[in-house]
Amino acid sequence: MDTSENKNAIFAKGEKAPADYFTGLAMVKNLVPNDATFNCQVGNVVFEPGCRNNWHTHSGGQILLVTDGIGYYQEKGKPIQVIRKGDVIAIAPNIVHWHGASHDSELTHIAINPNTQNGIVNWMERVTDEEYNSIKK
């Protein structure tokens, strides 16, 4: 079921994420804009099945709160991890990683980007289909 029609959705889907940084369709709803008081940015991200973001890092680290669906998270050089509703992923600063929906499920997570005075995101190359499909089933 489309999350925009899901009565259990916590937040609206938001705006289409930039195609330069995502393979497939993702929607982003900015919940807390970055400012000098909190040095934190918070957004709700909905990935359609098969969608993922590019490899990237966060100079201040990142915390993902999975609120719906099934997805994948991978750090460079490590196997893909399956992530599900209720999972919390704490990503240390400057860890090269990507995340997104599984092949057959949407994924929704809240992305918390703390310490934004150090930078928010450093985008890198796309996750290839070979990398995305390397999930051990």
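Residues numbered from 1 in each chain as written. Predicted model: local features only at pLDDT ≥ 70, side-chain atom pairs only at ≥ 80, totals over all residues. Heavy atoms only, no water.

Participant: It is not clear to me how the packing of aromatic side chains should be interpreted in this structure. Could you clarify?
Facilitator: In this structure the tally under the stated criterion is five aromatic pairs. Seen from their ring centres, Phe22 and Phe47 are 6.0 Å apart, and the 45° between their planes marks the pair as tilted. You can see Phe22 sitting in strand β2 (residues 22-23) and its partner Phe47 sitting in strand β4 (residues 40-47), a full 25 residues away along the chain. In terms of burial, Phe22 and Phe47 fall into one category: buried. The rings of Tyr21, Phe22, Phe47 and Trp123 are connected pair by pair, giving a single aromatic cluster. The ring of Tyr132 carries the charged tip of Arg52 above its face, separated from the ring centre by 4.4 Å. Here the basic side chain of Lys76 rests over the ring of Trp55, its NZ or CZ set 4.1 Å away from the ring centre. (Phe/Tyr/Trp six-rings, centres within 6.5 Å; stacked < 30°, edge-to-face > 60°. Helix = DSSP H or I, 4+ residues; strand = E, 2+ residues; numbered from the N terminus. Buried < 20%, exposed > 50% of the residue type's maximum accessible area, 1.4 Å probe, protein only. Lys NZ or Arg CZ within 6 Å of the ring centre and 35° of its normal.)

Participant: What's the story with the nonpolar core in this structure? I'm lost.
Facilitator: For soluble globular proteins, the rule of thumb is that nonpolar side chains tend to be buried together. Counting 15 residues, the largest nonpolar core has Phe22, Ala26, Phe47, Ile83, Ile89 and Leu107 as the members making the most contacts within it. Put simply, the parts of the chain that give this core at least two residues each are β4, β7 (62-75), β9 (88-91) and β11 (107-114). Residue contributions to this core peak at three residues, all from β7. When sequence neighbours within four positions are dropped, the list of residues in contact with Ala26 reads Glu15, Lys16, Ala17, Val45, Val46, Phe47 and Cys51. (Core = buried A, V, L, I, M, F, W, Y, C linked by side-chain atoms within 4.5 Å. Contact = heavy atoms within 4.5 Å.)

Just geometry here; none of it tells us what the structure is for.
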